[in-house]
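# Breakdown of the fold
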Amino acid sequence: MRSSARVVIVGGGMMGVGLLYHLAEEGWSDTLLIEKGELTSGSTWHAAGQCPSFIGDYTMAKVHHVGNTLYPKLESMTGQYTSWHGCGGIRLATTRAELEWFKHVADIAKHIGYGMEVIGPEEIRRINPFLDTEGVVAGAWTLDDGHVDPAGTCQAMAKAATNLGATIVKQNRVTGIRARAEGEWEVETEKGSVIAEHVVNAAGCYARRVSQMVGSDAPIWNTEHQYFITEPIPEFVERDEEIPVMRDPRASCYYRQEQVSALIGVYETEAAVGAWRDSGGLPAWESESELFEADYDRVLPHFERVMERMPIWSDVGIKSVTNGAIPHTPDDNPLLGPAGGLRNFWMCCGASIGIAQGAGCGKYLAQWIVHGDAEVNMASLDPRRFGRFANEVYTQAKAADAYVQMYALHIPGEEREAGRPARTTPLHETLRDQGCVHTEAFGWERPKWFSLDGREEELSYRRNNIFEVVAAECRGVSEGVGVIELSSFAKFDVSGPDAEAFLNRAFANRMAAKVGGIRLAHRLGENGRIQSEATITRISEDRFYVLSGSSWEVKDFDALKQAIRDDEKVTVENVTDDWGNLIVAGPRARDLLAKITSADLENSNFRWLTGREIDVAGVPCRALRVNYLGELGWELHHPMARMPELYAAIKASGSEYDAVDFGSLAVDSMRIEKCYRGIGADLTNEITPLEAGLGRFLEMEKGDFVGRESLLRIQREGIAQQLIYIEVDARDADCIGGEPVFSEGRLVGVTSSGAFGHRTGRSLALAYVESTKAAPGQKLEVEVLEERLGVTILETEPIYDPSNARLRA
Ligand SMILES: Cc1cc2nc3c(=O)[nH]c(=O)nc-3n(C[C@H](O)[C@H](O)[C@H](O)COP(=O)(O)OP(=O)(O)OC[C@H]3O[C@@H](n4cnc5c(N)ncnc54)[C@H](O)[C@@H]3O)c2cc1C
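Residues numbered from 1 in each chain as written. Predicted model: local features only at pLDDT ≥ 70, side-chain atom pairs only at ≥ 80, totals over all residues. Heavy atoms only, no water.

## Overview of the site of the ligand
Put simply, the rule reads: Residues are classed as near a molecule or strand on a simple rule: at least one heavy atom within 4 Å of it. Any pair of N or O atoms that falls within 3.5 Å is considered a polar contact. Within protein, one atom must be able to donate a hydrogen and the other to accept it, and sequence-neighbouring residues count only if both atoms are side-chain atoms. Only DSSP runs of H or I covering at least 4 residues are called helices, and only runs of E covering at least 2 are called strands; the numbering of each starts at the N terminus. Three classes are used, and their members are as follows: Ala, Val, Leu, Ile, Met, Phe, Trp, Tyr, Cys and Pro are nonpolar, Asp, Glu, Lys and Arg are charged, and the others, Gly among them, are polar.
Around the ligand sit 38 residues, and of these E35, S43, T44, A351 and G354 come closest. At 2.9 Å, a backbone N or O of V174 approaches a nitrogen atom of the ligand. Looking at the shell around the ligand, the elements with two or more residues in it are α1 (14-25), β12 (221-230), β16 (318-328) and α9 (354-371). When the residues that make up the shell around the ligand are grouped by side-chain class, the tally is 19 nonpolar, 16 polar and three charged.

Laid out in structure tokens, this is it:
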């Protein structure tokens, strides 16, 4: 075996091989894939092979589209049999809510470019004449997908990769991985050691075990899953045409034609999810091409529902059962990208629909490894979206929930309780007792809205029964004062004699020269695209307080730590858990706080965009006069344990002004009225600050910073797309992001976020469109729930208080 390779991939299933092929496509063939058994001998060989296009997540839809574009061509590319069946798929809806979801996904499909139609029962019966459509409202018909032979397809990708120079070694287990002093990895195997610049964990159900070799872990839990193949169906024997893959949420099953038999796969909604029997969800090393005993009892109720839909299958016997293992992550998206805390150790695992996803995951991870970035928004795939909170207990609970809810309808705003709470502040129960509905952000329980009359949210893609509640929270803030606990920000102390120079290099804006100055700054990649956004306060000559998005805690910590040069005297500390954060905002914020602090809060002493250390109600605070809402206000960062006393004092002082509690939905409504972009949605690794209209936060003259060269080049060449701020002629449904934007019937862009602005009474969104279509005042159209709505492009000035008079008040 070779003794070195630029990239070593551990694991030869669909995910590892998908990456091997795409690295080769990118021109990297100094690669070595090591597989402990035969290729596909983990979860891949026995999969049912479906490759659905229908998926609600925008990035995942792009991932699936890669597979459905590549797989039909693979057989002719390589000569290896793949058994691609382009029969399409139909997902059934029996409720109006599911129909709305289909419409939202159909909007996404238009931008991504795969065929999808929302069809009625009659059309469904035309395509699958055997289906009883009793109670069916609609079908989501995806025309370009189908199913493959997973083993054949994986072998074909492997062949395509080796044709381009990649190497595969089989029957060789990786037994250890060691970081070398030189910065490379030493991968120990049964057949000797290999030195590698990059190591990729593509070990499927064994991924935790491989991560543990480098002192890390992976939030993955393995579950059993079964599908059944029947005896031949006479109607299929007589027919030339194949029925599409059917996805039936009522039965929590998929079913299709397998040659002339039926194939039925079940996601049991009630049975205990059979996790791998070995300890900790880890399979034994020895298992290879392993299947488990069939368990009929678990699936019988589901079968009954399938037979109601497909009566022609009622009397037929079962020919074979496949019960195999699938890896699941807490949110059921794969882990794709760098492992937290490590350099050049990558994750390519945790895929529960890995046949459909292997090619797309491989493509985007290969881009990231080779070019330092992928062309799609990786936030929902990056393994560092999980932190230490995603421990074994949390992951198992979430994975089981992901499994049993595989076919459930997931409407935006849904709160799934499994595994929660993972991270709470000392105020959690107090707020909950006051009616707070929490949502989860990087494990934190974050206030979302307050149910003061005990109502529960009726989830919908349209404005629902909490629309007025959120409006009242916004009104409470803008007419008086409100308080929100937002401790979930990632928080870092960056200190040392070189801290300023270091941050000036790491971020595109210049750090404040004066103590107390606050700057909004963006961390860019070498390609000039946005990696993170931070609010940075100069606490003293050599100390800065850096705040970034909750889900950026691991990413920013790693990026900052890894950027420190050997000769720099800089310390980066993650202080997220140490500091709580209460935000007091609204025209009466100063009056409220003046009663509980002796600090002078007047403009002459405490200007907008400055921070100071003050005592509030006897609690030492880093008070920052900045907020995301566009109102006079302060963020009060304080020792976490002292949150209850600070909150009690704020509420007591605020009673005179009818101070309200508010949640993140109100924040979102208010931030979009200020045209503030949101990290992860409006600001992603797909775009540069130039496209996002953030030029005023770029300090090009300060000298070198990461991404500057690329920005200069892009400035010279010009940008092809840019962010627009739009008002939508919405009736009862606002944009949420992912809606296609049209100009005179032609697709010109896509929304990145949207919300109703309660203070202004306007439906607003941010979108990226072709630069030639971005002039303020122009009319465009956006498709929301398959309805074309008129759109007016606004100036990129906020529509609420454009001069920031309220913030400066
Ligand atoms: C019954 C069933 C039906 C399914 N149907 C579908 C479907 O229709 N569509 C779909 O998209 N998905 C389906 N899946 C899920 C799919 O099978 C998995 O998501 C996918 O195979 C995961 O691929 P992977 O490459 O991550 O893992 P694997 O295929 O398990 O590959 C990991 C490889 O790593 C190797 N390995 C582990 N440790 C080491 C080591 N130390 N050294 C060397 N090698 C190592 C293993 O031997 C293994 O071959 C199904 C799963 C089951 C169980």
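Once the structure has been displayed, the description carries forward.
## Digging into the sheet that holds strand β37 (residues 787-794)
What counts is decided by this rule: Any two strands with at least two DSSP bridges between them are considered paired. Every axis corresponds to a line fitted to the C-alpha atoms, with the helix fit spanning only the stretch in contact, and the corresponding angles, defined between N-to-C directions, vary from 0 to 180 degrees.
One closed barrel holds the six strands; their spatial order is β32-β35-β34-β33-β36-β37, and the pairing between them is antiparallel. The mean angle between the axes of side-by-side strands here comes to 40°, regardless of whether they run parallel or antiparallel. Two strands pair when backbone bridges link them, and strand β32 (residues 721-728) and strand β35 (residues 762-770) are joined in this way by seven bridges, in the antiparallel orientation. Among the inter-strand pairings, I726 is bridged to a residue of β35, identified as A765.

## Regarding the packing of aromatic side chains
Test applied: A pair of aromatic rings is counted whenever rings of Phe, Tyr or Trp (Trp by its six-membered ring) have centres within 6.5 Å, and the orientation is called stacked for planes under 30 degrees apart, edge-to-face for over 60 and tilted otherwise. For the exposure calls, accessible area comes from a 1.4 Å probe over protein chains only, and a residue counts as buried if that area is under 20% of its type's maximum, exposed if over 50%, partly exposed in between. Consider the ring centre and the ring normal. A charge sits over the ring if Lys NZ or Arg CZ is within 6 Å of that centre and within 35 degrees of that normal.
Counted by the stated rule, this structure contains 20 aromatic pairs. The interplanar angle of 85° and the centroid separation of 6.3 Å between the aromatic rings of F236 and W313 together place this pair among those described as edge-to-face. Residue F236 is located in helix α7 (residues 234-238), and its partner W313 is located in the loop between α8 (296-309) and β16; the two are separated by 77 residues in the primary sequence. With relative accessibility at 1%, the residue F236 sits in the buried group. Chaining the aromatic ring pairs together yields one cluster made of F130, F236, Y255 and W313. The ring of W28 carries the charged tip of R6 above its face, separated from the ring centre by 3.7 Å. Taking NZ or CZ as reference, R759 lies 3.6 Å from the ring centre of Y800, over its face.

## Let's talk about the pairing of strand β9 (residues 174-179)
Looking at chain direction, β9 and strand β10 (residues 185-189) are connected through five bridges and run antiparallel. By the bridge assignment, R178 is partnered in β10 with E186. In sequence, β9 turns back onto β10 through a hairpin of five residues, with G183 there showing a positive phi of about 100°.

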